[in-house]
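What follows is each chain in one-letter form.
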Amino acid sequence: MAEQKLRCPVCGSTEFIYDPETGELICKRCGYVLETTVDVGKEWREFDIKDAETKRRAGSPTTLTKMATGLSTEIGNIEDLYKLSEEERAEFMRLKKWQQRATSSLERNLKIAMQELKRITSQLNLPQTVEEEAAKIYLEAAEKGLIRGRSIETVVAACVYIACRKLEIPVTFEEIAQAAGVNKKELGRTYRYLIRQLKIKVLPISPVEYVHRFGALLNLPPEVIAKAVEIVEKARELDLTSGRGPQGIAAAALYIAATMYGIRKTQREIAEVAGVTEVTIRNRYKELVEKLGLQIEETGKKKR
DNA sequence: AAGACGAAAGTGGTTGA
DNA sequence: TCAACAACTTTCGTCTT
């Protein structure tokens, strides 16, 4: 995957404003919001055990995600021990032991979970809002005892997925499973279990969202993406989208749009970014072409 | 040689009796 | 709880560029 210069998929501008609040890139010219999941070279991760030390009690606003990492701090670090007198050291150990006992299992669980959450969201470059939302969901799940019998990683991953769906961020199942390092099947099961138990309603992500994302990933020009969106919308009117995987629809629409403009993208390439197989693209593609009465021409001819 | 196409069989999940 | 079913995948052979 070549890193190309970041370009707005709608208007082609290369100037963006970064919104640190949400972690989004916003096109200066047309205001299109580009998820940072797309390759901005900014890969900040933090595994900051030591870093946390300096930030502790720094008075940063308490948010749900921080609660487990920042506030329920350990008492001191090992290095600090050497600066202490004997009695102080004894006191230290006593406190430390006390803390361990006093820390409820829920609290400990949350702490680990929040670290994991941070890891996943920053690896995928997801906006802060997702992190907060996922944390909220996890907390709720934890309080209802839904975690029992499931690994923390899996539950966290499921929460992230739910959060993304709620916030309409088109991230695929696979991406999360991969970033979290959990089994896809298990993740799916946990995900469904959670939304049932927590009575969360998630509407399926619109294929349009995926069109934008995949289009950007494939470096397709704005006209092609606009065309693909048009196709998706027409398909929706004819009720071709319900019950089908939105990714498949988006992929097929992009494929059709690209060939209409004479842009050669292999089904394989598109299938790859969309997380579906070529066969699925073909099926949707066939379906779309015949039901919408489209004609594919290489000369950039347009249908009404 | 690579990509597109499609048939056939398999997988995991949903639904309805 | 189980069987039918839809959507999607895997695999593989054939045609096209």
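Above this text sits the structure in question.
Reference entry: report on the structure contained in this document. Keep in mind that this is a model prediction, so the values were computed, not measured.

**Here's the deal with the overall build of chain A**
- A tally of regular secondary structure across chain A gives 14 helices and three strands.
- Burial analysis of chain A (304 residues in total) assigns 45% to the buried set.
- Look at the contacts in chain A between residues 6 or more apart in sequence, and 66% of them connect residues 24 or more apart.
- As presented, chain A carries roughly 17000 Å² of accessible surface, and 51% of it is formed by carbon and sulfur atoms.

**Overview of the protein's contact with DNA strand B**
- All residues in the neighbourhood of DNA strand B are listed as K185, R192, Y255, K265, T266, Q267, R282, Y285 and K286.
- Taking the atoms of DNA strand B that fall within 4 Å of the protein, sugar and phosphate contribute 64% of them.
- Within the contact set of DNA strand B, a phosphate oxygen lies 3.3 Å away from a side-chain nitrogen or oxygen of R192.
- One nitrogen or oxygen atom from the side chain of Q267 is found 2.5 Å from a phosphate oxygen belonging to DNA strand B.
- For the surface near DNA strand B, the element with the highest residue contribution is helix α14 (residues 278-292), accounting for three residues.
- Each residue belonging to the surface near DNA strand B can be placed in one class, and the counts come to two nonpolar, two polar and five charged.

**Some details on the pattern of salt bridges**
- Under the definition given, this model contains 13 salt bridges.
- One salt bridge in this structure joins K118 and E131, with 3.1 Å as the shortest N-O distance. You can see K118 sitting in helix α5 (residues 105-123) and its partner E131 sitting in helix α6 (residues 128-143), a full 13 residues away along the chain.
- For K118, a relative accessible area of 25% corresponds to the partly exposed category.
- K265 is paired through a salt bridge with E269; the nearest N and O atoms lie 3.7 Å apart.
- Ionic contacts of the salt-bridge type, sharing partners, join the residues E133, K136 and K166 into one network.

**Concerning the protein's contact with DNA strand C**
- Looking at DNA strand C, there are nine residues lining it, with G245, T277, V279, T280 and R284 nearest.
- Among the atoms of DNA strand C lying within 4 Å of the protein, the sugar-phosphate backbone contributes 80%.
- At a separation of 3.0 Å, a phosphate oxygen of DNA strand C approaches a polar side-chain atom of T277.
- Between DNA strand C and R284 there is a distance of 2.2 Å, counted from a phosphate oxygen to a side-chain nitrogen or oxygen.

**A short note on the environment of M260**
- Note that M260 resides in helix α12 (residues 246-260).
- Here M260 falls in the buried class, since its relative accessible area comes to 2%.
- For the pair formed by M260 and V224, sequence separation is 36 residues and the distance between their alpha carbons is 8.3 Å.

**So, the nonpolar core**
- Ranked by internal contacts, the top residues of the largest apolar core, which has 42 residues, are I120, Y138, V156, V160, I162, I176 and L194.
- The set of elements that each furnish at least two residues to this core consists of α5, α6, α7 (152-166), α8 (173-180) and α9 (184-197).
- A total of eleven residues in this core trace back to one element, the largest contributor, which is α7.
- Grouped together as the second largest cluster of nonpolar side chains are 35 residues, I225, I231, A258 and M260 included.

**Digging into the packing of aromatic side chains**
- Scanning the entire structure with this criterion turns up five aromatic pairs.
- Taken together, a centroid distance of 4.9 Å and an interplanar angle of 90° make the contact between Y161 and F173 edge-to-face. On the criterion of sequence distance, the pair formed by Y161 in helix α7 and F173 in helix α8 is long-range, its members being twelve residues apart.
- Residue Y161 is classed as buried on the basis of its relative accessible area, which comes to 7%.
- One aromatic cluster in this structure is built from Y161, F173 and Y191.

Cut-offs used in this document
- Residues numbered from 1 in each chain as written.
- Chains lettered and ligands numbered in written order.
- Predicted model: local features only at pLDDT ≥ 70, side-chain atom pairs only at ≥ 80, totals over all residues.
- Heavy atoms only, no water.
- Helix = DSSP H or I, 4+ residues; strand = E, 2+ residues; numbered from the N terminus.
- Buried < 20%, exposed > 50% of the residue type's maximum accessible area, 1.4 Å probe, protein only.
- Contact = heavy atoms within 4.5 Å.
- Areas by Shrake-Rupley, 256 points an atom, 1.4 Å probe, with all protein chains shown as cover.
- Near = heavy atom within 4 Å.
- Polar contact = N/O pair within 3.5 Å; in protein donor to acceptor, adjacent residues only side chain to side chain.
- Nonpolar A, V, L, I, M, F, W, Y, C, P; charged D, E, K, R; others polar.
- Salt bridge = Lys/Arg side-chain N within 4 Å of Asp/Glu carboxyl O.
- Core = buried A, V, L, I, M, F, W, Y, C linked by side-chain atoms within 4.5 Å.
- Phe/Tyr/Trp six-rings, centres within 6.5 Å; stacked < 30°, edge-to-face > 60°.

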